[in-house]
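Close look at the chain arrangement
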Amino acid sequence: QQQVKQSPQSLIVQKGGISIINCAYENTAFDYFPWYQQFPGKGPALLIAIRPDVSEKKEGRFTISFNKSAKQFSLHIMDSQPGDSATYFCAASAGSNYKLTFGKGTLLTVNP
Amino acid sequence: GAGVSQSPSNKVTEKGKDVELRCDPISGHTALYWYRQRLGQGLEFLIYFQGNSAPDKSGLPSDRFSAERTGESVSTLTIQRTQQEDSAVYLCASSLDRGVYYEQYFGPGTRLTVT
């Protein structure tokens, strides 16, 4: 049972463009939604996270949009740069739970 | 200080052999997690440690998998009688404490290939 569905699987964007990655979840107990960035040969690193009491969170060029009624959240990367090329994972967790449930990942390529 | 470290970085083993994967968490982090990342898949939770106890082993796929942790330090994930479907990257993470308020910091992983 895949509790967090992520799309697209891969994404190619031109430098300066906007990258958008979407995730949908099923478990209504989820209340913490982080995004992780993973470069080849490295472990995932926390990029940005949101809780459902807000609909949007922005940190620099990265924005999470959250739609609680639709049970969807998305990552927007503004002014995408070649250095943003990586695999991005959405994840979700519930309350004081420690387990992160991950999406399958999106391979982002930003062309110069 | 240093981040989470894992060893070996790569391990190739023959089907049926046992393997041990090591994780050194960030100093002072009481919580430690093991995840598995199969090719093209997201990370799957395997086991969680708080200190040296493992209150949640629900993600371990079979009784061939076991893990232990020494105090709030090193953890070892052991896979007995490896099978080809065990081939994956095994990632360890640590956090100051349990719960969503504490960021999980990941190591670089151990890539296990079972031939």
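Up top you'll find the structure we're talking about.
Since this is a predicted model, take the numbers as computed values, not measurements.

What counts, and where the lines are drawn
- Residues numbered from 1 in each chain as written.
- Chains lettered and ligands numbered in written order.
- Predicted model: local features only at pLDDT ≥ 70, side-chain atom pairs only at ≥ 80, totals over all residues.
- Heavy atoms only, no water.
- Pairing = 2+ DSSP bridges.
- Helix = DSSP H or I, 4+ residues; strand = E, 2+ residues; numbered from the N terminus.
- Axes fitted to C-alpha atoms, helices over the stretch in contact; angles between N-to-C directions.
- Contact = heavy atoms within 4.5 Å.
- Buried area = accessible area lost by both parts, 1.4 Å probe.
- Salt bridge = Lys/Arg side-chain N within 4 Å of Asp/Glu carboxyl O.
- Core = buried A, V, L, I, M, F, W, Y, C linked by side-chain atoms within 4.5 Å.
- Buried < 20%, exposed > 50% of the residue type's maximum accessible area, 1.4 Å probe, protein only.

On to the sheet that holds strand 1 (residues 5-7) of chain B. Residues and elements named next belong to chain B. Strand order in the open sheet formed by four strands is 1-3-8-7, and the pairing between neighbours is antiparallel. One side of each edge strand has no neighbouring strand; the edge strands of this open sheet are strand 1 and strand 7 (65-69). Taking the axes of each pair of neighbouring strands and ignoring which way they run, one obtains an average angle of 15° across the sheet. Relative to strand 8 (residues 75-79), strand 7 runs antiparallel, the two sharing five bridges. When the bridges of strand 8 are listed, A67 appears paired with L77.

Turning next to the interface of chain B and chain A. On the side of chain A, 20 residues touch chain B, which itself brings 21 residues to the contact. Carbon and sulfur atoms make up 55% of the area that chain B and chain A hide from each other, which totals about 1700 Å². The interface formed by chain B and chain A contains one salt bridge. A salt bridge links K99 of chain A to D56 of chain B, with the nearest nitrogen and oxygen atoms 3.1 Å apart. At the level of elements, strand 4 (31-37) and strand 5 (43-50) of chain B are the ones that each hand at least two residues to the side of chain B that touches chain A.

Here we take up the sheet that holds strand 6 (residues 56-59) of chain A. All names here are of chain A. The five strands are arranged 1-3-8-7-6 in an open sheet whose pairing can be described as antiparallel. Since the sheet does not close on itself, it has two edges, and those belong to strand 1 (4-7) and strand 6, each with one partner. Strand after strand, the sheet turns through a mean of 15° between neighbouring axes, direction not considered. Examined bridge by bridge, strand 7 (residues 62-67) and strand 8 (residues 72-77) share six bridges and lie antiparallel to one another. In the sheet register, F62 faces strand 8, and the bridge partner there is I77.

Looking now at the nonpolar core. F33, W35, F73, L75 and Y88 of chain A are the most contacted members of the largest nonpolar core, which has 25 residues in total. Among the elements of the structure, strand 2 (10-14), strand 3 (19-25), strand 4 (33-38), strand 5 (45-50), strand 7, strand 8, strand 9 (86-92) and strand 11 (106-111) of chain A are those that each provide at least two residues to this core. By residue number, the principal contributor to this core is strand 9 of chain A, which donates four residues. Apart from residues lying up to four places away in sequence, F33 of chain A is in contact with Y25, I48, A49, I50, P52, I64, F66, F73, A91 and A92 of chain A. By size, the runner-up hydrophobic cluster in this structure holds 19 residues, among which are L32, W34, Y90 and V114 of chain B.

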